Amino acid sequence: MEQKGILMVLSGFSGAGKGTLVKGLLQKYDNYALSISMTTRAPREGERHGVEYFFTDKENFEETIRQNGLVEYASYCGNYYGTPRAYVEEQMAAGKNVILEIEIQGALKIKEKFPDSLLIFVTPPSAEELKRRLEKRGTESPEVIAQRLNRAVEESEGIEAYDYIVVNDDLDTCIEEIHRLVDAARRAPVRREAFINKIREELQGFVKGAK
Ligand code: 5GP
């Protein structure tokens, strides 16, 4: 029987390079699926509905919450962000490792609801490098950059809640590190319950048969 995929959370300061890492994982390996979030934030230049996010308004977002259509949601810098439920459930059942690229409040909710999810925190090598990347991106105003750096200070307080921390210095190395962590996590007995039960039953069958 095919093993169910794992639910993995990738968080990190805004500007840590999560988006590029996720693209790399999806290109290199075929057993990952990326969950596309719903948000009330306005699209950035070049962002498309249904690709980077499902863009929506506050009213529709709150309606989706009421209908239990989200696995988790959070408010971040004045906007709602949430993970649609159906896609996550389908892809996991199909054996894919589902990536949630979400912030820390959402990550903590996921761990609470799905104790065998894997939480990975991505960080640049230094705060200096983080600031440089945010400025280089050029998509945000100085005020928004300042807001995101403030938020990074808050988020840095929560890193211990994650299972692993990965430093994104060299992109390819970082992609490999994440893949190895996921691969190892899939081998943990808590995530192989079906296989363990099957082999136990088979063994018991042998023993009974021999009596
Ligand atoms: P951005 O506006 O830069 O695209 O995203 C802001 C933050 O929201 C990032 O830390 C991103 O990981 C997080 N985020 C994106 N989608 C979701 C989601 O569905 N749920 C939660 N909790 N956070 C999200």
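Along each chain, residue indices are assigned from 1 in the same order as the chain's sequence is written. Where totals are concerned, whole chains, interfaces and linings use all residues; where local detail is concerned, this predicted model gives features only for residues with pLDDT of at least 70, and gives and counts side-chain atom pairs only at 80 or more. Side-chain calculation: all heavy atoms of the structure are included, whereas hydrogens and water are not.

## Topic: the overall build of the chain
Next, step 1: A run of H or I in DSSP counts as a helix once it spans at least four residues, and a run of E counts as a strand once it spans at least two, with each numbered from the N terminus. In terms of regular secondary structure, the chain is built from 8 helices and 9 strands.
Next, step 2: C-alpha atoms of the chain, sized along the principal axes, occupy 75 × 40 × 30 Å.
Next, step 3: Out of the 211 residues belonging to the chain, those deemed buried represent 41%.
Next, step 4: Here, two residues are considered to be in contact whenever any of their heavy atoms come within 4.5 Å of each other. Across the chain, every contact between residues at least 6 apart in sequence was considered, and the portion connecting residues at least 24 apart equals 70%.
Next, step 5: Note on areas: Shrake-Rupley with a 1.4 Å probe; residue coverage comes only from the protein chains shown. For the chain, the computed accessible surface area is about 12,100 Å², with 53% contributed by carbon and sulfur atoms. Categorising residues by exposure relies on relative accessible area from a 1.4 Å probe, with only protein chains included: less than 20% of the type maximum marks a residue as buried, more than 50% marks it as exposed, and the intermediate range marks it as partly exposed.

## Remarks on the site of the ligand
Next, step 1: Distances are taken per atom, and a residue is near a molecule or strand as soon as one of its heavy atoms is within 4 Å of it. Among the 16 residues in the neighbourhood of the ligand, the closest are listed as Ser37, Arg41, Tyr53, Tyr81 and Glu103.
Next, step 2: We call two N or O atoms a polar contact when they sit within 3.5 Å, provided that within protein one can donate a hydrogen and the other can accept it, with sequence-adjacent residues counted only if both atoms are side-chain atoms. Here a nitrogen atom of the ligand sits 2.7 Å away from a polar atom, N or O, in the side chain of Glu103.
Next, step 3: In isolation the ligand exposes 510 Å². Once the protein is present, 95% of that is buried.
Next, step 4: When residues of the shell around the ligand are traced back to their parent elements, those giving at least two are β5 (70–76) and β6 (79–84).
Next, step 5: Residues belonging to the shell around the ligand are distributed by class as follows: 5 nonpolar, 4 polar and 7 charged. For this scheme, ten residues count as nonpolar: Ala, Val, Leu, Ile, Met, Phe, Trp, Tyr, Cys and Pro. Four count as charged, namely Asp, Glu, Lys and Arg, and the remainder, Gly too, count as polar.

## Details of a nonpolar patch on the surface
Next, step 1: Residues qualify for a patch when their relative accessible area is over 30% and they have no salt bridge, like charges being joined within 9 Å and the nonpolar side chains of Val, Leu, Ile, Met, Phe, Trp and Tyr within 5 Å. Put simply, a salt bridge is a Lys or Arg side-chain nitrogen that is within 4 Å of an Asp or Glu carboxyl oxygen. There is a patch of nonpolar side chains on the surface, built from Phe195, Ile199, Leu203, Phe206 and Val207 and spanning about 510 Å² of accessible area.
Next, step 2: Here Val207 shows up in helix α8 (residues 193–210).

## Here's the deal with the pattern of salt bridges
Next, step 1: Evaluation of the coordinates by the stated rule reveals 15 salt bridges.
Next, step 2: Here Glu89 ties to Arg85 by a salt bridge, and the two come within 3.7 Å at their closest N and O atoms. Taken together, the residues Glu89 and Arg85, both in helix α3 (residues 85–93) and 4 residues apart, mark about one turn of the helix.
Next, step 3: Relative accessible area serves as the criterion here: at 47%, Glu89 is assigned to the partly exposed category.

## Some thoughts on helix α6 (residues 142–156)
Next, step 1: Helix length check: α6 (15 residues) gives 21 Å between terminal C-alpha atoms against 21 Å at 1.5 Å per residue, within 8%.
Next, step 2: Among all positions in α6, only Ile145, Arg148, Arg151, Ala152 and Glu155 are buried. Down the axis of α6, the buried side of the element spans an arc of 120 degrees, and every buried residue falls inside it. Among the exposed residues of α6, those oriented more than 90 degrees off its buried face are Pro142, Glu143, Asn150, Val153 and Glu154. Every helix has an expected span of 1.5 Å times one less than the residues it contains. Think of it as the arc spanned by the lines of direction from the helix axis to the C-beta atoms.

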